Amino acid sequence: MLNKSTKSKKTENNSPKIPLRKILILAGAALIFIFAGFTFLRALSFKKTQNVTELSSEQVFELSNLLLSNYPLRYQVLKNLPYQINEPDLDVWAKAAIVVDTSTGCVLYQKNADKVIPPASMTKLFAMYVVEEEIAAGRFSYDQKIPLPPESWACNMPPHSSLMFLGKDHQVTMEELLLGLSICSGNDAAYALAYTVSGSMEAFVEQMNLVAQDLGLSHTHFVESSGYSEQNQTTPREMAEFATIYIRRHPDSLRRFHSVLDFTYPKAHNLAPGDKIAAQDFSQGFPAKITMPITQENTNPLLAKLSGCDGLKTGFIDESGYNLALTAVRGETRFLSVTMGGPGKNTREGQAGRVHDGTELMEWAFSNFADYPLDLKVHSYLVRSFNSDCKMIRLVPAFSAHAITVPYINGNSLSENLESVKVQVKLPDFCWGSVEQGKPYGNIIISLGDYVLDEIPLVADRNAKKSNIFVSASDLLLSRIFQMNR
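What you see is a predicted model; the values in this text were computed from it and never measured.

Basis of the calculations
- Numbering of residues starts from 1 in each chain and follows the order in which that chain's sequence is written.
- Since the coordinates come from a predicted model, pLDDT governs what is reported: local features require at least 70, and pairs of side-chain atoms require 80 or more to be given and counted, while whole-chain, interface and lining totals use all residues.
- Hydrogens are left out, water is left out, and the side-chain values use all remaining heavy atoms of the structure.
- Only DSSP runs of H or I covering at least 4 residues are called helices, and only runs of E covering at least 2 are called strands; the numbering of each starts at the N terminus.
- For a helix, the expected span equals 1.5 Å multiplied by the residue count minus one.
- Only protein chains enter the calculation, and the probe is 1.4 Å; a residue is then buried if its accessible area is under 20% of its type maximum, exposed if over 50%, and partly exposed in between.
- Arc definition: directions from the helix axis to the C-beta atoms.
- Residues count as neighbours in contact if any of their non-hydrogen atoms are within 4.5 Å of one another.
- Buriedness for pockets is judged along seven lines, at least five of which must meet protein on both sides within 12 Å for an open set on the 1 Å grid over protein atoms alone, while cavities are sets there where a 1.4 Å probe fits but cannot get out, and lining residues have an atom within 4 Å of a point.
- Grid points are joined across faces, edges and corners, and a volume is the space filled by probe spheres set on the points.
- When residues are grouped by polarity, Ala, Val, Leu, Ile, Met, Phe, Trp, Tyr, Cys and Pro land in nonpolar, Asp, Glu, Lys and Arg in charged, and all others, Gly among them, in polar.
- For helices, the axis comes from a line fit to the C-alpha atoms of the stretch in contact; other axes are also lines fit to C-alpha atoms, and the angle between any two N-to-C directions lies between 0 and 180 degrees.
- Small angles under 35 degrees read as roughly parallel and large ones over 145 as roughly antiparallel, with 65 to 115 read as roughly perpendicular and the rest as oblique.

> How would you sum up helix α7 (residues 201-214)? Please name residues and give values.
Taking 1.5 Å per residue, 14 residues should reach 20 Å; α7 reaches 20 Å between its end C-alpha atoms and fits that length. For α7, the full list of buried residues reads M201, F204, V205, M208, N209, V211 and A212. Down the axis of α7, the buried set is contained in an arc of 150°. They therefore lie on one face. Set apart from the buried face of α7 by more than 90 degrees, the exposed residues are E202, E206, Q213 and D214. On its buried side, α7 packs onto α4 (123-136), α6 (187-198) and α8 (236-249). Following α7 by one or two positions, G216 adopts a phi angle in the positive range, close to 75°.

Written out as structure tokens, the structure is:
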């Protein structure tokens, strides 16, 4: 007979046992269920993700520095064409010259472009830039009256100076001084602006040199703002780089100042009290001073002669020869040329050389190149990112490209070439694993037939860390499904 304790023990031993295999199957099923649920929810999160978080200011700064370091040549104001062209056979009389596309900064032609030559009155472009910057900052205005110090009176200018004929007690506005500077190339206007903005010529020239320094123009230096001194120096390349920046920052200056055909000064409202304009009625008494207004034509000989010409500035001293910074626009394309050391024994011959070289360079440029706009076709793109802590990655162009300079290489016309340009965006199906900021993951290819005009890398705008093994397995499945559904 079994006792009570023995019976209880027997009952315990007879309880059903769950086989280990079954436990493993159940655990596996549970794991699969959890994995499937996680993968489903992650798939939904990918589907809902339409954008990525904005970069912090620190990330933006890091990306900018990284791209500037990786693509330094593409961030320069002036740069070589991204494709090869045959060397043109041009008849340029000037000792040095350069032609650039102001939209892209591409150099189309150059001849002794790094030769150091006094800019002469092209110096006044830097003076105008300083003044325009001051006006843009709100420290001055175009319509304010400017007091004229004796240093700016025409009678106190060096012999043979270009003048707008400022006089004692004249009433003149900032805009009129800028017109006198750009149209008449008035040295008196240069001095008036220098004293107005900075209090002295020395302080104003320091501002001009600071502009050159900030722009990295290592061969450009000034000792005064009118261009009269042969100690002022620059090169065609650096003048073209500066002029390109000037046009981009102050495009209205072309219409307001540089394309104006002539300028008359002084007018009645400019005269000192008691002065009179000549040929008035003197029946009420003889005026204190009779002033004859003088009309001067713009020194740029290609205005109203070269199609699309709307600037920019001439310059001449014996040490420099005949210089010209010239710009013209046709349609959406603007070119700029700088010629320095032009020949000529007198003004007539010097102007003839400017017309010849300017026409030669501009007509060649407009016949062989045109801008193709890229603003709507070059932008950032979102790409799925698997096996990382970001579900989406933004790929951004490695450098800005608002337009591309298209060459005339085939067909019957340049317009045919423009119509044949193709912009192809190549993106990965997805990014996998860790993502490195600034690393290229795609590209934009711009082509004309079989000719590749340019290639713009698309780089990651941020870093992304690799996920853990569980997320990796889920993302591996999702990436395969994503590829099958493409």
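> Talk me through empty space enclosed by the protein; I want residue IDs and the actual numbers.
As enumerated under the stated definition, the model contains one cavity of 30 Å³ or more in all. Here the largest cavity defines a volume of roughly 40 Å³. What lines the largest cavity is A94, Y322, T339, G342, P343, G350, G353, R354 and D357. Of all the secondary structure elements, the ones that give two or more residues to the lining of the largest cavity are β12 (333-342) and α10 (347-368). Of all the elements, α10 adds the most residues to the lining of the largest cavity, at four residues. When the residues that make up the lining of the largest cavity are grouped by side-chain class, the tally is three nonpolar, four polar and two charged.

> Break down unusual backbone geometry for me, citing the residues and quoting the values.
A cis amide bond links Y265 with the next residue in sequence, P266, at an omega value of -5°. Residue placement: P266 occurs in the loop between β6 (262-265) and β7 (275-277). Its identity is not glycine, yet F165 carries a phi of approximately 70°, on the positive side. Here F165 is to be found in the loop between β4 (145-146) and β5 (172-173). With a phi angle near 65°, A304 is a residue other than glycine that sits in the positive phi range. Within the secondary structure, A304 is located in the loop between β9 (294-297) and β10 (309-317). Residue classification places A304 among the exposed positions, given a relative accessible area of 68%.

> Help me get a handle on the packing of α6 against α7, residues and values and all.
The interhelical angle for the contact between α6 and α7, taken along N-to-C directions, is 85°, at an axis separation of 8 Å. Considering the angle they form, α6 stands roughly perpendicular to α7. Here A190, Y191, L193, A194, Y195, V197 and S198 of α6 lie close against α7, whose contacting residues are M201, A203, F204 and Q207.

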